[in-house]
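Results of the structural survey
Chain by chain, the residues:
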Amino acid sequence: MKKILFLLALAGFSATAFSQHFVSATYLGKTPPTTFALFTSKAIYSVDAYKITYNTTNVDGTPTIASGMVVVPDGSACDSLPMAAYAHGTVLLRSDVPSRNNGESLIAKVVASTGAIAVAPDYLGLGDNPGLHPYLHAETEATATIDLMRAAREYLGDSLNIYFNKETFVTGYSQGGHAAMATAKYIQDSGLTAEFNLIAAGPASGPYFLSGSQAEVLISNAPYSNPGYICYLLFAMNRVYGNIYQNYYDTLIPPYFDGTYDMSVVNALLPNTLSGFLQDTVLANFRNDSVGKTHPIWKALLAQDNYDWKPNFPMQLYYCTLDEQVNFQNSLDAELAMTAKGASVTAVDKGAFNHGGCVVPSLQGALGFFLSNKTNCTVG
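Residues numbered from 1 in each chain as written. Predicted model: local features only at pLDDT ≥ 70, side-chain atom pairs only at ≥ 80, totals over all residues. Heavy atoms only, no water.

What follows deals with helix H6 (residues 227–241). An ideal rise of 1.5 Å per residue puts 21 Å on 15 residues; H6 measures up with 22 Å between its terminal C-alpha atoms. In terms of burial, H6 is largely enclosed, as 12 of its 15 residues are buried. Along H6, the residues classified as buried are Pro 227, Gly 228, Tyr 229, Ile 230, Cys 231, Tyr 232, Leu 233, Leu 234, Phe 235, Ala 236, Met 237 and Asn 238. Elements that come into contact with the buried residues of H6 comprise helix H5 (216–220), helix H7 (263–269) and helix H9 (296–304). Positive phi appears at Gly 242, one or two residues downstream of H6, with a value of about 75°. (Helix = DSSP H or I, 4+ residues; strand = E, 2+ residues; numbered from the N terminus. Expected span 1.5 Å × (residues − 1). Buried < 20%, exposed > 50% of the residue type's maximum accessible area, 1.4 Å probe, protein only. Contact = heavy atoms within 4.5 Å.)

On to the state of the cysteines. Per the counting criterion, the structure on display carries two disulfides. Between the sulfur of Cys 78 and that of Cys 377 lies a disulfide, 1.8 Å long from S to S. Residues Cys 78 and Cys 377 are joined through a disulfide that is left-handed, its torsion about the S-S bond being -60°. Of this pair, Cys 78 sits in the loop between strand S3 (63–74) and strand S4 (81–87) while Cys 377 sits in the segment after helix H11 (359–373); the two residues are 299 residues apart in sequence, bridging distant segments of the chain. At a sulfur-sulfur separation of 2.1 Å, the disulfide partner of Cys 320 is Cys 358. The disulfide joining Cys 320 to Cys 358 has a torsion of about 85° about its S-S bond and is therefore right-handed. Of this pair, Cys 320 sits in the loop between strand S8 (315–319) and helix H10 (329–340) while Cys 358 is found in the loop between strand S9 (345–349) and H11, placing the two residues 38 residues apart along the sequence. (Disulfide = S-S within 2.5 Å.)

To continue, consider unusual backbone geometry. Although it is not a glycine, Tyr 123 adopts a positive phi angle of roughly 80°. Among the secondary structure elements, Tyr 123 is positioned in the loop between strand S5 (117–121) and helix H3 (138–160). A positive phi angle is found at Asn 221, which is not glycine, with a value near 65°. Here Asn 221 shows up in the loop between H5 and H6. Asn 221 sits in the partly exposed class, given a relative accessible area of 21%.

Another point: empty space enclosed by the protein. With the rule as written, the count across this model stands at six cavities of 30 Å³ or more. Counted as a void, the largest cavity has a volume near 170 Å³. Lining the largest cavity are 18 residues, with Tyr 135, Leu 136, Leu 210, Gln 214 and Tyr 224 positioned closest to its centre. Looking at the lining of the largest cavity, the element that brings in the most residues is H6, giving three residues. Within the lining of the largest cavity, the residues separate by chemical class into 13 nonpolar, five polar and no charged. Within this model, the second largest cavity holds a volume of roughly 70 Å³. For the second largest cavity, the full set of lining residues is Phe 39, Ala 84, Ile 107, Val 110, Val 111, Phe 169, Thr 171, Leu 363, Ala 366, Leu 367 and Phe 370. Elements with a contribution of two residues or more to the lining of the second largest cavity: helix H2 (106–113), strand S6 (164–173) and H11. (1 Å grid on protein atoms, 1.4 Å probe; cavity = no way out; pocket = protein on both sides within 12 Å on 5 of 7 lines; lining within 4 Å. Points joined across faces, edges and corners; volume = space filled by probe spheres on them. Nonpolar A, V, L, I, M, F, W, Y, C, P; charged D, E, K, R; others polar.)

Turning our attention to the pairing of S6. With respect to burial, S6 is a largely interior element, eight of its 10 residues being buried. Where S4 and S6 come together, six bridges link them in parallel fashion. What sits directly across from Tyr 86, in S6, is Thr 171. Direction of pairing for S6 relative to strand S7 (residues 197–204): parallel, over a ladder of seven bridges. (Pairing = 2+ DSSP bridges.)

So, about the nonpolar core. If you look at the biggest cluster of nonpolar residues, it comprises 44 residues, and the most contacted ones within it are Ile 52, Val 70, Ile 117, Val 119, Met 149 and Met 315. Top contributing element to this core by residue count: H3, with eight residues. Residues within four places of Ile 52 in sequence aside, it is in contact with Phe 22, Ser 24, Ala 25, Ala 66, Ser 67, Gly 68, Val 70, Leu 148, Ala 151 and Tyr 155. Leu 92, Leu 136, Phe 235 and Trp 298 belong to the second largest nonpolar core, which has 37 residues in total. (Core = buried A, V, L, I, M, F, W, Y, C linked by side-chain atoms within 4.5 Å.)

Right, let's talk about the sheet that holds S7 for a bit. Ordered by their spatial adjacency, nine strands build an open sheet running S1-S2-S3-S5-S4-S6-S7-S8-S9, and the pairing between neighbours is mixed. In this open sheet, the two edge strands, each paired with only one partner strand, are strand S1 (22–31) and S9. Strand-to-strand twist in this sheet, taken as the mean axis angle between neighbours without regard to direction, amounts to 20°. Note that S3 and S5 share four bridges and pair antiparallel. Opposite Met 69, over in S5, you have Ala 120 as the bridge partner. Sitting on the sheet, H2 touches S1, strand S2 (46–57), S3, S4 and S5, and the angle it makes with S3 is about 45°. Along the sheet, H3 makes contact with S1, S2, S3, S4, S5 and S6, crossing S2 at roughly 120°. (Axes fitted to C-alpha atoms, helices over the stretch in contact; angles between N-to-C directions.)

Glancing now at the layout of surface pockets. If you add up the space inside the second largest pocket, you get close to 310 Å³. Contributing to the lining of the second largest pocket are 19 residues, with Tyr 86, Gly 89, Glu 104, Tyr 173 and Val 359 lying nearest its centre. Contributing elements (two or more residues each) for the lining of the second largest pocket: H2 and H11. The leading source of residues in the lining of the second largest pocket is H11, at three residues. Class assignment of the residues belonging to the lining of the second largest pocket gives a composition of 10 nonpolar, seven polar and two charged.

Here is the structure:
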């Protein structure tokens, strides 16, 4: 693969001339299946990981280049493979993303070790993509994921003779749960099911009902474990819509959102209640509009809701009852709304764990759900 890219560079050709989405690939190394033994007994392949850069669209629809990770099993005899997309959770540090081959890459590697193509987008504003990450913006969470899947299909087929059989599964944790739900909904709503045959989806601990279950932290003024998330959301929604605020009222916090700081730094600088860092009139106007929801913040939250629709494929929603970051009621509300429309959706209680403790049991559940729905491959 490195030799191929080197020859292209010598010839003066850009990889974008040969495909619509794929831009470049960098080999990140091989990991043996024994690495994943504590996570799953289904890990049978060593995996090869690649950083991929690819063409996608910005929040305003203009072209941009983003990055992500693609992982493939080494030695599979299958003619073609299913693809699973893993969407990562909230990060503020630009480098804390799958393409940097760190902890965020683990889940994609685990999935690939079972015999599938795995992709993990960095999202806009993270990894190689410039600017502020549009945190919890459903449309670009989806397009960043889908365009990475397309780039992976192009690169793997053209350069590595690894082919995608169209069977698609999406999962993710925390923000990634929201992103996985957004991706599944976008594929179905946009008529992309012939390109990506969604066999199932397994979002985990996601804020699917931002204007409802998750908005309780904004309404109640109860202490919140990660107040930096609120700033992240407001900054991001202002990037997308431009009407959340006209200027910063404080000069301390905004510089910490330049991609070089971890969220723990921001959390340490903020009070743990909204009244401690949001202007009184802004907070009062927002709370007083909790019924009509015409305030710009409410409109932004409503636009990111993805709990109330009918998926045409099976879905499981994983949650834990002691989650202090994402209200587990999000999963129950989504199950209720979707099943009322006739969908095959089940909210699965993974135990009395907090947000961090819920990661492994939830993603183990999602992996098992994927493996039980994919078809056995054909061997040429």
